[in-house]
Amino acid sequence: MREALALMLVAACGRFDFDGRALDAASSVDTPSSAACAYELCDGFEGSAIADVWTAIGNVSLDSTVAHRGSQSLHIHSDAVAAGSNVAIGIVETATLGSSNAPINLRVFARFGSLPVNHMGLVGAAQVSDDPFADGVYETSGGLTVYSEFSNTSVESMVQPTPGDWTCVTFGIVRADDATGSLILGGDGSAELDDVATDGVPRLAAAGVGIAFASSTDVDAEPALDLWIDDVIVANAPLTCAD
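Residues numbered from 1 in each chain as written. Predicted model: local features only at pLDDT ≥ 70, side-chain atom pairs only at ≥ 80, totals over all residues. Heavy atoms only, no water.

1. Observations concerning the pairing of strand 7 (residues 87-93)
Of all seven residues in strand 7, seven are buried, a share of seventy percent or more. Judged by which residues are buried, strand 7 turns out to be covered on both faces: Val87, Ile89, Ile91 and Glu93 on one side and Ala88, Gly90 and Val92 on the other are all buried. Of the pairings in the sheet, the one linking strand 4 (residues 55-57) to strand 7 comprises three bridges and is antiparallel in character. If you follow Ala56 over to strand 7, its bridge partner there is Ile91. (Buried < 20%, exposed > 50% of the residue type's maximum accessible area, 1.4 Å probe, protein only. Helix = DSSP H or I, 4+ residues; strand = E, 2+ residues; numbered from the N terminus. Pairing = 2+ DSSP bridges.)

The structure is reproduced here in structure tokens:
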């Protein structure tokens with residue numbers, strides 16, 4: 001499985017709350033739809049535009065008709081995809097991961113209009129390079145799956161999202177460029193990949209969420225797909241669905 005998300009540098013920094021507004025260390029935001037962000041990045045897509053921290057790729061828009069919490073979510077649409085295609089549609093940020101060995105944790109709520117045939121990238125963290133390697137969560141015929149490209153190893157959860165319902169996905173990466181790293185899938189599915197390489201040189205530096213297909217695993221044609229994303233968190237500490 002190759003992560004197909006295109007990686008683009010984003011000129012942004014700092015923390016974001018669930019309304020997409022910048023926070024400094026002393027700020028506190030309390031709105032009916034969200035609490036202040038206590039993590040590296042939070043976004044509930046409640047603003048009038050997609051926050052500058054994200055680079056949007058492809059058919060991505062705010063949707064005021066569907067929301068996990070608040071009044072809006074991020075809507076990602078993919079047209080039908082021929083077998084053997086590379087497709088990347090979604091949002092990517094490079095403001096939070098840096099070059100350290102700190103763990104990476106992401107939490108997203110995802111709502112599938114329908115499920116893909118197989119091997120759709122959903123959430124990931126990748127290098128920023130000409131040929132990036134990545135760790136990610138995929139939706140496959142075996143359910144939500146964690147995969148490390150650095151070790152070419154995966155584990156299936158056997159848990160499939162229900163189209164039309166919100167699925168919570170938490171994804172943790174213990175970074176290591178030798179066989180001491182881990183990938184942990186939590187939320188509405190559970191899988192753990194231990195004692196594997198999960199990082200390299202350059203270090204993981206971009207986090208993304210969306211619809212991604214890679215030519216190496218896209219062996220079947222895929223129908224048009226709609227995906228909604230809400231209440232995204234990026235943090236150095238483990239996350240739960242209640243965060």
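What follows picks up the thread again.
2. Structural notes on the side chain of Thr198
Examined against the element boundaries, Thr198 turns out to sit in the loop between strand 15 (191-196) and strand 16 (206-213). According to the relative accessible area criterion, Thr198 is buried, its value standing at 0%. Side-chain polar atoms of Thr198 contact the backbone oxygen of Val174, separated by 2.7 Å. When residues no more than four places from it in sequence are discounted, the contact partners of Thr198 are Asp135, Ser148, Phe150, Ile173, Val174, Arg175, Ala176, Gly181, Ser182, Leu183 and Leu204. (Polar contact = N/O pair within 3.5 Å; in protein donor to acceptor, adjacent residues only side chain to side chain. Contact = heavy atoms within 4.5 Å.)

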